Amino acid sequence: MFNLILFGPPGSGKGTQSEKLITKYGFKHLSTGDILRSEIANQTQLGLEAKSFMDAGKLVPDAVVIGMVGAAITANPGVYGFLFDGFPRTKPQAEALDTLLSEHGTSINVVLAMEVPEEELIARMIGRSKTSGRTDDADPEVQKKRLSVYKNETLAVADHYSQFDKVVSLNGLGSIDDIFNALCAEIDARA
Ligand code: ADP
């Protein structure tokens, strides 16, 4: 298996690049944001609980997202590999993911980290809010909160995988295709 974490702040382009990568390589896409939004759309208990955290720009509790990811891994045996998008977002999530994967005899191969300046992230979130219907993209206070959560809690995930030399940083500014090609080159060098 080849398992990849696409890492970066909110608005860095993880969703866009994930779509292209799953088409090219056949990864199973595991986006915790997408799973949570579908739980909200289906008005499940989990969705109702998650919505207030998401609307405030806060993280959904670790136990909830770890449970979701564990179930998704178990439900998809025999895939080429998983592309994790928006997960892990805290150090405990990263440690839990490593344990889950090792229980399935596999591990993270590489963490591709997309770097984008903060002004650009905010501009992208505002742009996305006009078409996505995402309430968490439109509000400046919520944008600020998400960026501070990224710095205070999520950057620790990159530190965690740096210990094992698994992190590669890439410029997340440029055309979608140029960034995609840079991501593919890193995958092809390791696959
Ligand atoms: P983006 O990366 O564009 O900010 P996501 O779709 O990945 O958006 O996530 C949207 C929201 O869903 C987050 O702000 C958070 O509230 C919740 N969420 C998604 N993934 C996680 C996670 N791994 N842990 C905790 N909360 C999460």
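A brief look at the structure comes next. Computed from a predicted model, the values in this text were never measured in an experiment.

## Examining the sheet that holds strand 4 (residues 110-115)
And then number 1: Strand order in the open sheet formed by 5 strands is 2-3-1-4-5, with parallel pairing between adjacent strands. In this open sheet, the two strands that pair with only one neighbour each are strand 2 (28-31) and strand 5 (167-171). With strand direction ignored, the average angle separating the axes of adjacent strands in the sheet is 20°.
And then number 2: In the sheet, strand 1 (residues 4-7) pairs with strand 3 (residues 82-85) via 3 bridges, with the strands oriented parallel. Its bridge partner lying in strand 3, Leu 6 is registered against Asp 85.

## Observations concerning the site of the ligand
And then number 1: The full set close to the ligand counts 20 residues, and Thr 32, Arg 37, Lys 58, Arg 128 and Arg 146 are the nearest of them.
And then number 2: Here Lys 58 contributes a backbone N or O atom positioned 2.6 Å from an oxygen atom of the ligand.
And then number 3: Ranked by residue count, the leading element in the shell around the ligand is helix 2 (residues 32-41), at 4 residues.
And then number 4: Of the residues that constitute the shell around the ligand, the class distribution is 7 nonpolar, 5 polar and 8 charged.

## What about the nonpolar core?
And then number 1: Core analysis: the largest hydrophobic core is formed by 26 residues, its most contacted members being Ile 5, Phe 7, Ile 73, Phe 84, Leu 97, Ile 108 and Tyr 161.
And then number 2: For this core, the element with the most residues is helix 4 (residues 62-74), which contributes 5 residues.
And then number 3: Contact partners of Ile 5, with chain neighbours within four places excluded, come to Phe 84, Phe 87, Pro 88, Leu 97, Ile 108, Val 110, Val 111, Leu 112 and Tyr 161.
And then number 4: Counting 17 residues, the second-largest nonpolar core is a separate cluster that includes Leu 4, Leu 83, Leu 112 and Ile 187.

## A closer look at the pattern of salt bridges
Side chains bearing opposite charge may pair, as long as their charged atoms lie close to each other.
And then number 1: A full pass over the atoms with the stated rule returns 13 salt bridges.
And then number 2: Taking the shortest distance from any N to any O, the salt bridge between Arg 37 and Asp 34 comes out at 3.0 Å. Taken together, the positions of Arg 37 and Asp 34, both in helix 2 and 3 residues apart, correspond to about one turn of that helix.
And then number 3: Among the residues examined, Arg 37 registers a relative accessible area of 28% and is labelled partly exposed.
And then number 4: When the shortest N-O distance is used, the salt bridge between Glu 186 and Arg 190 registers 2.9 Å.
And then number 5: The partly exposed category is assigned to Arg 190, whose relative accessible area is 37%.
And then number 6: One connected set of salt bridges, linked through shared partners, spans Arg 128, Arg 134, Asp 136, Asp 137 and Arg 146.

Scoring rules and cut-offs
- Residues numbered from 1 in each chain as written.
- Predicted model: local features only at pLDDT ≥ 70, side-chain atom pairs only at ≥ 80, totals over all residues.
- Heavy atoms only, no water.
- Pairing = 2+ DSSP bridges.
- Helix = DSSP H or I, 4+ residues; strand = E, 2+ residues; numbered from the N terminus.
- Axes fitted to C-alpha atoms, helices over the stretch in contact; angles between N-to-C directions.
- Near = heavy atom within 4 Å.
- Polar contact = N/O pair within 3.5 Å; in protein donor to acceptor, adjacent residues only side chain to side chain.
- Nonpolar A, V, L, I, M, F, W, Y, C, P; charged D, E, K, R; others polar.
- Core = buried A, V, L, I, M, F, W, Y, C linked by side-chain atoms within 4.5 Å.
- Buried < 20%, exposed > 50% of the residue type's maximum accessible area, 1.4 Å probe, protein only.
- Contact = heavy atoms within 4.5 Å.
- Salt bridge = Lys/Arg side-chain N within 4 Å of Asp/Glu carboxyl O.

This is a description of form; function is not addressed.
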